[in-house]
Amino acid sequence: MGFVLLLGGARSGKSALAARLALESNLPVTVIATATAGDEEMAGRISRHRDSRPSSWKTIEEPIDVLGAIRVSPPGDFLVVDCLTLWVTNLLGAGHPPGEFGGLADPVVRELSGRLGVVVTNEVGMGIVPANELARTFRDVLGFVNTRFAEGAQSAVLMVAGRAVELSPI
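This structure is a prediction, so every number in the text was calculated from the model and none was measured.

## Topic: the layout of surface pockets
Turning to step 1, where the next piece is worked out: Taken as a whole, the largest pocket holds about 970 Å³ of empty space.
Turning to step 2, where the next piece is worked out: Considering the residues around the largest pocket, the lining is formed by 36 residues, among which Arg-11, Ser-15, Arg-45, His-49 and Asp-82 are closest to the centre.
Turning to step 3, where the next piece is worked out: Counting only elements with at least two residues in the lining of the largest pocket, the list comes to helix H1 (14-24), strand S2 (29-33), helix H2 (40-52), strand S3 (58-61), strand S4 (78-82), helix H4 (84-93) and strand S5 (116-122).
Turning to step 4, where the next piece is worked out: Sort the elements by how many residues they give to the lining of the largest pocket and H2 lands first, with seven residues.
Turning to step 5, where the next piece is worked out: For the lining of the largest pocket, the class distribution of residues is 16 nonpolar, 12 polar and eight charged.
Turning to step 6, where the next piece is worked out: Taken as a whole, the second largest pocket spans an internal volume of roughly 460 Å³.
Turning to step 7, where the next piece is worked out: Thr-147, Ala-150, Ala-156, Leu-167 and Ser-168 are, among the 18 residues lining the second largest pocket, the residues nearest its centre.
Turning to step 8, where the next piece is worked out: For the lining of the second largest pocket, the secondary structure elements donating two or more residues are helix H6 (133-152), strand S6 (155-160) and strand S7 (163-167).
Turning to step 9, where the next piece is worked out: Among the elements that line the lining of the second largest pocket, the one with the most residues is H6, at five residues.
Turning to step 10, where the next piece is worked out: Among the residues making up the lining of the second largest pocket, the classes are represented as nine nonpolar, six polar and three charged.

## Topic: the pattern of salt bridges
Turning to step 1, where the next piece is worked out: Applying the stated criterion to the full structure yields seven salt bridges.
Turning to step 2, where the next piece is worked out: Here Asp-140 and Arg-139 are joined by a salt bridge, their closest N and O atoms 2.9 Å apart.
Turning to step 3, where the next piece is worked out: In this structure Asp-140 comes out as partly exposed when scored by relative accessible area, which is 44%.

Cut-offs applied
Counting of residues starts from 1 at the beginning of each chain's written sequence and follows it residue by residue. Only residues with pLDDT of at least 70 get local features here, since the model is predicted, and only at 80 or more are side-chain atom pairs given and counted; chain-wide, interface and lining totals rely on the full set of residues. Just so you know, side-chain values use all the structure's heavy atoms and leave hydrogens and water out. Throughout, the protein atoms alone are placed on a 1 Å grid, and a set of points is a cavity if a 1.4 Å probe fits but cannot get out or a pocket if it is open with protein on both sides within 12 Å along at least five of seven lines; lining residues have an atom within 4 Å of a point. Grid points are joined across faces, edges and corners, and a volume is the space filled by probe spheres set on the points. Only DSSP runs of H or I covering at least 4 residues are called helices, and only runs of E covering at least 2 are called strands; the numbering of each starts at the N terminus. Any residue that is not Ala, Val, Leu, Ile, Met, Phe, Trp, Tyr, Cys, Pro, Asp, Glu, Lys or Arg is counted as polar, Gly included; the first ten are nonpolar and the last four charged. Salt bridges, as used here, are contacts in which a Lys or Arg side-chain nitrogen is within 4 Å of a carboxyl oxygen on Asp or Glu. For the exposure calls, accessible area comes from a 1.4 Å probe over protein chains only, and a residue counts as buried if that area is under 20% of its type's maximum, exposed if over 50%, partly exposed in between.

Structure representation (structure tokens):
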């Protein structure tokens, strides 16, 4: 048992690999989607993601309470959590301070450790240092959350240009 953490940049192939792993599991699938449609472009992205999934897959749209969504998912389902990046965005937007993220992430990691699934997230720490405080806070918090999930994952994979690079623990 355990989950795979998929990290990468935008349009790197993370969601496509997550869908492939879910299909190859031959299990019922529940997708926990954290995106919210704040504008028309994002609504279109959400719609395209939804339309690309097999009709047999269940979807739980939960921007904040990912732990609760995991707990209500059928125990035998393969879980796809897509994505941590937007979960962190939503939590910061809801006023959660950076110091709370260990207490928010760790129970989710523990719960996922007993399930089969995949977690999608962006790697945002490889670029320049952001020019404003909010962007730096976001980068730092997401890096922290990604590290916590990588520590608890069965494996971690970095996606680059549609190619998967297995990450080894240190």
